[in-house]
Amino acid sequence: MVPPIKEVVIVGGGSAGWMAAAALSSLLAPKDMSITLIESDEIGIIGVGEATIPDILNFNQLLGIDEGEFIRETNATIKLGIEFIDWGRKGDRYIHPFSSHGVDMNGFDFHQFWLHSRAAGNTHPIDDYSLCAVAARHGKFVRPDPNPRSIRSHIRYAYHFDAALYARYLRAYAEKRGVRRIEGKIEAVIQAPETGHISEVRLENGDTVRGEVFFDCSGFRSLLLGQTLNVPYKDWSHWLPCNSAQAVPSQHSGPLLPYTRATAKSSGWQWRIPTQARVGNGHIYSREFMSDDEAASVLLAGLEGEALASPRVIRFTAGHRQQFWVKNCIAIGLSAGFLEPLESTSLYLIQEGISRFIALFPNASLPDVFRDEYNRHMQTEFEQVRDFIILHYSATERDDTPFWNYCRTMAIPESLQHKIALFREGGRAFRLNDELFSRPSWVAVFLGQNIVPKACDPVVAALPAQEVLASVESMRRAMIEAARNMPTHEEFLSQFRKTEVA
Ligand SMILES: Cc1cc2nc3c(=O)[nH]c(=O)nc-3n(C[C@H](O)[C@H](O)[C@H](O)COP(=O)(O)OP(=O)(O)OC[C@H]3O[C@@H](n4cnc5c(N)ncnc54)[C@H](O)[C@@H]3O)c2cc1C
């Protein structure tokens, strides 16, 4: 019989490394398997990655993490969606909420009724029918009601948190479950001559750490998969031209908003992510269109509170490694690839990599078919997220800068062209192949960026427009009423806050 895996090594202690360590130590509950994580304090972690999507709740639940403790320890706030400003046209503003819009009726999508109601004079944007969007605008939050008949059951949420505190929190969780942490810098990665598998890593102090399976969570360095196994990088920068970021925290000014803000700028966009103690800000831009100095000025001019540090520059290339799992090495996190944080998908892709590995958890023979399946799955995940992010750039009418002219006129993947055409012709939007972003997300961005269908569903179009208008209007009012009756975001958080926030 093939023996089980006995030695797992995780290289890197950023969010990816500690998420992997926490999940492996908890979900596999290894008795005869050691898990060792190596991280270098000198190199440190990337320290961004603070906005999430609702899937993070599944991860926390699987790990049995208590929500109150999590919010307190990571300085978390609630996120109900993302507000996009100036994307389709300057002056535009819409929310991509985590909840759906309205309620589907008789098997037809709500947005078809909304489209038809416009014929009867409805001028309310689709956002006004999403409970998350309405609550976000009112600064309100309540946990979803488990009763599906309650309007509050529509709430879906995620968190903003402090990335360094998140890694620290997961570290404590994983160490409690037996993960051994080694602090030190790896200076050499040794491969077995006959198989090319990674057999051990050597630290600067001369110590070596052996393993049968290695997780490369070394960040953009991609120390094992990229540098050692030479797996090439698939570059998508022709579709996602931003290649630089500058990040800076700032003081709070005004109420704690339960959503992320993404404001389009002349050669990219700026994020605003409120955590309990401060606001995380960053400017994502393309160096082909803007210098670093100009990008820093744009960032600082866009802050709402006083900057708490100087902007930090980070370089990246959109894309991913051609394989994610090669020989006995699985890359998770930035070492595997990176798509800019416009839809906060990186931590989700880490989560997906870990759970797919656990679903395929092999014995020591590491079957090729498991590797192939893992690589196929992760490639599909990256491609689907890629298309959704490209949509935000390509569906613009902005022609005020060379950057936006490039984005507006660039060729886009066929898979995305197909989705846009389906929506433009008749408002059709489907969730294909179990993709991350479901219909309401696509509809939010299509409509938010002025892709309005030529016609609505013919069955819905045959209904009396005034009756449809009355029906959607009652839903809109119900959303406002429900949001009004919720506690404020601040009130919700106050029950979990530390008495003194660091
Ligand atoms: C500008 C920007 C904004 C982002 N915003 C978001 C967001 O809002 N939401 C989201 O989901 N994601 C976001 N991300 C992505 C997110 O930050 C990362 O996916 C996440 O932090 C995981 O990073 P990591 O653990 O892969 O890498 P890192 O945090 O860089 O960790 C790498 C680890 O490897 C170790 N290491 C490297 N080399 C060696 C060596 N030789 N020896 C020993 N140890 C070594 C380092 O010490 C470190 O511990 C963003 C990324 C960027 C660049």
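Look above for the structure.
Calculation notes
Residues numbered from 1 in each chain as written. Predicted model: local features only at pLDDT ≥ 70, side-chain atom pairs only at ≥ 80, totals over all residues. Heavy atoms only, no water. Helix = DSSP H or I, 4+ residues; strand = E, 2+ residues; numbered from the N terminus. Rg over C-alpha atoms; globule rule 2.2 N^0.38 Å. Buried < 20%, exposed > 50% of the residue type's maximum accessible area, 1.4 Å probe, protein only. Pairing = 2+ DSSP bridges. Axes fitted to C-alpha atoms, helices over the stretch in contact; angles between N-to-C directions. Contact = heavy atoms within 4.5 Å. Parallel < 35°, antiparallel > 145°, perpendicular 65-115°, else oblique. 1 Å grid on protein atoms, 1.4 Å probe; cavity = no way out; pocket = protein on both sides within 12 Å on 5 of 7 lines; lining within 4 Å. Points joined across faces, edges and corners; volume = space filled by probe spheres on them. Phe/Tyr/Trp six-rings, centres within 6.5 Å; stacked < 30°, edge-to-face > 60°. Lys NZ or Arg CZ within 6 Å of the ring centre and 35° of its normal. Core = buried A, V, L, I, M, F, W, Y, C linked by side-chain atoms within 4.5 Å.

Chemist: Mind showing me how you'd approach the overall build of the protein here?
Modeler: Secondary structure assignment for the protein yields 16 helices and 21 strands. Expected size for 502 residues packed as a compact globule is a radius of gyration near 23 Å; at 23 Å, the protein falls within 12% of this value. Principal axes of the C-alpha set define a box for the protein whose edges measure 75 × 55 × 50 Å. Buried residues in the protein amount to 57% of all 502 residues.

Chemist: Whenever I open this one, the sheet that holds strand β9 (residues 198–203) confuses me. Can you help?
Modeler: Two modes of strand pairing occur in sheets, parallel and antiparallel, and in both the strands are linked by backbone hydrogen bonds. Here we have three strands laid out as an open sheet, ordered β8-β9-β10, and antiparallel in their pairing. The sheet is open, and its two borders are formed by β8 (186–191) and β10 (208–210), each paired with just one other strand. Here the average twist between neighbouring strands, direction ignored, is 20 degrees. With three bridges joining them, β9 and β10 adopt antiparallel strand pairing. The residue bridging R202 from the neighbouring strand is T208, located in β10.

Chemist: Can you help me understand the environment of L165 in this one?
Modeler: Here L165 lies in helix α6 (residues 163–176). The spacing of L165 and L463 is 298 residues in sequence and 54 Å in space, taken between C-alpha atoms. When neighbours within four sequence positions are excluded, L165 is seen to be in contact with E73, T74 and N75.

Chemist: For this particular structure, what's the right way to read helix α5 (residues 131–138)?
Modeler: Residue pairs three or four apart in sequence face the same way in an α-helix, which turns once every 3.6 residues. α5 sits mainly inside the fold: six of its eight residues count as buried. Taken residue by residue, α5 has L131, C132, A133, V134, A135 and A136 as its buried positions. Buried residues along α5 sit in contact with β5 (93–97) and α15 (465–484). G139 occupies a position one or two residues after α5 and carries a positive phi of about 70 degrees.

Chemist: Could you clarify how one ought to interpret the packing of helix α3 (residues 67–74) against α6 in this entry?
Modeler: Helix packing for two helices is described by the angle between their axes and how far apart those axes are. Relative orientation of the contacting elements α3 and α6 amounts to 130 degrees, with a least axis distance of 8 Å. Between α3 and α6, the angle falls in the class oblique. Taking contact as the criterion, the partners of E69, F70, E73 and T74 in α3 are, on α6, L165, Y166 and Y169.

Chemist: Would you mind showing me how to read the pairing of strand β14 (residues 260–265) here?
Modeler: Along any regular strand the residues' side chains alternate between the sheet's two faces. Counting buried residues in β14 gives five out of six residues, a clear majority hidden from the surface. Across four bridges, strand β4 (residues 81–85) lies against β14 in parallel orientation. Residue F84 lies in a different strand from β14, and its bridge partner there is A262. Here five bridges tie β14 to strand β15 (residues 268–274), and the two strands are oriented antiparallel to one another. Bridge pairing in β15 links A262 to W271. Here β14 folds back onto β15, and the loop between the two strands holds two residues.

Chemist: Sorry if this is basic, but what is going on with empty space enclosed by the protein here?
Modeler: The probe, sized like a water molecule, is rolled over the atoms to show the empty space still left. If you walk through the whole model with that rule in mind, you get one cavity of 30 Å³ or more. Its volume calculated, the largest cavity comes out at about 50 Å³. Taken together, K419, L422, R428, A429, F430, L432, W442 and F446 make up the full set of residues lining the largest cavity. When residues of the lining of the largest cavity are traced back to their parent elements, those giving at least two are α12 (414–426) and α13 (439–448).

Chemist: Help me out: how do you make sense of the packing of aromatic side chains in this one?
Modeler: Centre distance and the angle of the planes are the two values used to describe a pair of aromatic rings. The tally for this structure, following the rule as stated, stands at 32 aromatic pairs. Ring centres 6.1 Å apart and planes at 80 degrees place the aromatic pair Y393 and F403 in the edge-to-face group. Taken together, the residues Y393 in helix α10 (residues 368–394) and F403 in helix α11 (residues 402–409) connect sequence positions 10 residues apart. A relative accessible area of 0% places Y393 in the buried class. Directly above the ring of Y173 sits R177, whose terminal nitrogen or CZ lies 3.6 Å from the centroid. Of note, R386 hangs over the ring of W236, and the distance from its end group to the ring centre comes to 4.7 Å.

Chemist: Sorry if this is basic, but what is going on with the sheet that holds strand β17 (residues 312–315) here?
Modeler: Pairing in this open sheet of seven strands is mixed, and the strands run β5-β4-β14-β15-β16-β13-β17 from one edge to the other. Each having just a single partner strand, β5 and β17 make up the two edges of the open sheet. Each adjacent strand pair in this sheet contributes to an overall mean axis angle of 20 degrees, direction not counted. Both β4 and β5 contribute to a ladder of five bridges, which runs antiparallel. Residue pairing in the sheet places I85 in a bridge with R93 of β5.

Chemist: Sorry, what's going on with the nonpolar core here?
Modeler: Generally speaking, soluble globular proteins have nonpolar side chains that are buried together. Grouped together as the largest cluster of nonpolar side chains are 155 residues, with contacts concentrated most on I10, Y159, F215 and Y393. At nine residues, the largest contribution of residues to this core is made by α10.

Purely spatial values, then, with no claim about function.
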